[in-house]
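Observations on the three-dimensional arrangement
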Amino acid sequence: MDWMELDKTYLANTYSRFPVTLVRGEGSTVWDDAGKAYTDLSGGIAVNTFGFSDPVWVKAVTDQLTKVQHTSNLFYTQPDILLAKELCARTGMKKVFFSNSGAEANECAIKVARKYAQEKYGKDHCYIVTLVNSFHGRTLTTLAATGQEAFHKDFTPLTEGFLYVEANNISALEEAVNTHPCAGILMEVVQGEGGVIPLERDFVQAAARLAAEKDILLMADEVQIGNGRSGKLYGYMHYGIQPDVVSTAKGLAGGLPLGATLIGEKAKDVLTPGSHGSTFGGNPVCCAGALSILERLDDALLTGVEKRSDLVRKGLEGAPGVKSITGLGLMLGIETEKPCAEVIAACREKGVLVISAKTKVRLLPALNIPEAQLSAAVQVIREACAE
Ligand SMILES: *Cc1c(COP(=O)(O)O)cnc(C)c1O
């Protein structure tokens, strides 16, 4: 079978894929249809928290699959309750709404912010401040939230009421919230699609202070950096703040579609019956998978993420052809002298899968990738950058 040709024929042409068809994986190793093995440092774009076919996760998922796969949200189920309880215990948040993706988790966050502000201060309090170069999803509202013109093209009119400010520009942020009736501020503490760029601590703290002063919601988009990837459970935990809303997805369920919007004390009672919903949201199989992942994201595991992060940084910092390394934990961006596409292709030839973020090479390996396997892969990246 010519899988690439069939894909071109039958699938919407939305992705420029690498010329590899992956058929089987185990941990951080994955094989293509010709039997070639790769070390995977792409992690399904930060989704495969513990790599491929992790046995503990597979057992949690299949156990649930053989009990109840879906019920509708008209009935109580157990996995979503256990997962929400654990998420709240680990974050100090008070309520959780489950959906199926990052975009939906952000849609919910935006709805919560608007409902909170409009009930308290009136209909005109609708504005959401987001950052230039952000990424929040592909629905029309989360596209509007995304502060990159390129994504908006051909899809206007988008949802109204979004303001964009430059990352790390505190006075621009103050100006935006002081001149508009706002409902919230939405930001990724590490811009992922924007090029793996961590925000400055002062800026994030200023956003938290402003949100508190104005009684609007500070929303952390933790879709990519969340769920242990940063070396803490959530990325905001590096910044000494407590957001009012946290949205997450990607790595949450280790490879199954699950989004979550965590709502803190301030807005915990905003959502009421009928105000939001999702047919698949809180799916028992996805939640059972997520619960098994979350239980394993303990201090030892998170320390291991930091250790692996150092291993990558030490292996690449100052290496020939490497300009800089940015990011947190195991979400790293490498600025290379050669175009990143060349480095990515050279790595793939040598059996290492990496992806890009803007002009950088991006690494999002499984959080438990064996250190020896990671070291060997870093050596391959070094060679690819130097050649
Ligand atoms: C991937 C991503 C999204 C969108 O998630 P989907 O599951 O693709 O809808 C939103 N925000 C951030 C920060 C992301 O990285």
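Residues numbered from 1 in each chain as written. Predicted model: local features only at pLDDT ≥ 70, side-chain atom pairs only at ≥ 80, totals over all residues. Heavy atoms only, no water.

**As for the sheet that holds strand 4 (residues 95-99)**
Applicable threshold: In this scheme, strands are said to pair when DSSP sees at least two bridges between them. Note on conventions: DSSP H or I runs of at least 4 residues are helices, E runs of at least 2 residues are strands, and numbering of each starts at the N terminus. Every axis in this analysis is a line fitted to C-alpha atoms, fitted for helices over the stretch in contact. Angles between the N-to-C directions lie between 0 and 180 degrees. In this description, contact between two residues means that some pair of their heavy atoms is separated by no more than 4.5 Å.
Strand order in the open sheet made by the seven strands is 4-12-11-10-7-5-6, with mixed pairing throughout. Looking at strand neighbours, the two that pair on one side only are strand 4 and strand 6 (162-165), the edges of this open sheet. Taking the axes of each pair of neighbouring strands and ignoring which way they run, one obtains an average angle of 20° across the sheet. Where strand 11 (residues 245-248) meets strand 12 (residues 259-263), four bridges bridge the pair, whose relative direction is antiparallel. Looking across to strand 12, one finds that Thr-248 is bridged to Ala-260. Running over the sheet, helix 5 (residues 102-121) touches strand 4, strand 5 (127-131), strand 6, strand 7 (182-187), strand 10 (217-221), strand 11 and strand 12 and is turned about 180° from strand 10. The sheet strands contacting helix 9 (residues 201-214) are strand 5, strand 7 and strand 10, and the helix crosses strand 10 at an angle near 145°.

**Structural notes on the site of the ligand**
Our working rule: Nearness of a residue to a molecule or strand requires only that one of the residue's heavy atoms be within 4 Å of it. Here a polar contact is taken to be a pair of N or O atoms separated by no more than 3.5 Å, where protein atoms must pair a possible hydrogen donor with a possible acceptor and residues adjacent in sequence count only if both atoms sit in side chains. For every accessible area listed, the method is Shrake-Rupley and the probe measures 1.4 Å; residues are considered covered only by the protein chains on display. Gly is put with the polar residues, along with every residue not named as nonpolar or charged; the nonpolar set is Ala, Val, Leu, Ile, Met, Phe, Trp, Tyr, Cys and Pro, and the charged set is Asp, Glu, Lys and Arg.
Neighbouring residues of the ligand: Ser-101, Gly-102, Ala-103, Asn-106, Phe-135, His-136, Gly-137, Glu-188, Asp-221, Val-223, Gln-224 and Lys-250. Contacts to the ligand include Phe-135, whose backbone N or O atom sits 3.3 Å from a nitrogen atom. A distance of 2.7 Å is found between an oxygen atom of the ligand and a side-chain nitrogen or oxygen belonging to Lys-250. Expressed as a share of its isolated accessible area of 390 Å², the protein-covered part of the ligand is 82%. Tallied by class, residues from the shell around the ligand come to three nonpolar, six polar and three charged.

**A word on the sheet that holds strand 15 (residues 352-353)**
Sheet architecture is open: four strands sit in the order 1-2-3-15, paired in mixed fashion. The two strands at the open ends of the sheet, each matched to only one other strand, are strand 1 (22-26) and strand 15. Direction of pairing for strand 1 relative to strand 2 (residues 29-32): antiparallel, over a ladder of four bridges. Residue pairing for strand 2: Arg-24 is matched across the bridge by Trp-31.

**Section: the environment of His-136**
The line we're drawing: Summary of the burial criterion: residues with accessible area below 20% of their type's maximum are buried, those above 50% are exposed, and those between are partly exposed, where the area comes from a 1.4 Å probe applied to protein chains only.
As for its position among the elements, His-136 is in the loop between strand 5 and helix 6 (140-145). Taking relative accessible area as the criterion, His-136 reaches 2% and is therefore assigned buried. Taking the C-alpha atoms as reference points, His-136 and Met-237, 101 residues apart in sequence, are found 20 Å from one another. When residues no more than four places from it in sequence are discounted, the contact partners of His-136 are Ala-103, Asn-106, Thr-130, Thr-142, Ala-145, Thr-146, Leu-186, Met-187, Glu-188 and Asp-221.

**Quick look at the domain arrangement of the chain**
Where interface size is quoted, it is often the accessible area lost as the parts come together. Quick note on the threshold: An automatic or database domain assignment supplies the residue ranges for each domain. Basic side-chain nitrogens of Lys or Arg form a salt bridge, by our definition, when they fall within 4 Å of a carboxyl oxygen of Asp or Glu.
The domain boundaries assigned to the chain delineate domain 1 (3-54 + 299-386) and domain 2 (57-294). Taken residue by residue, the interface counts 26 residues in domain 1 and 28 residues in domain 2. Salt-bridge contacts for Arg-362 lead to Glu-193; the nearest nitrogen and oxygen are separated by 2.9 Å. Between domain 1 and domain 2 we count 13 residue pairs in polar contact (both at pLDDT 80 or more) in total. Sorting the residues of the side of domain 1 that touches domain 2 by element identifies helix 2 (43-46), helix 11 (299-316), strand 13 (322-328), strand 14 (331-336) and strand 17 (360-363) as the ones contributing at least two each. Taken together, the residues of the side of domain 1 that touches domain 2 break down into 14 nonpolar, seven polar and five charged.

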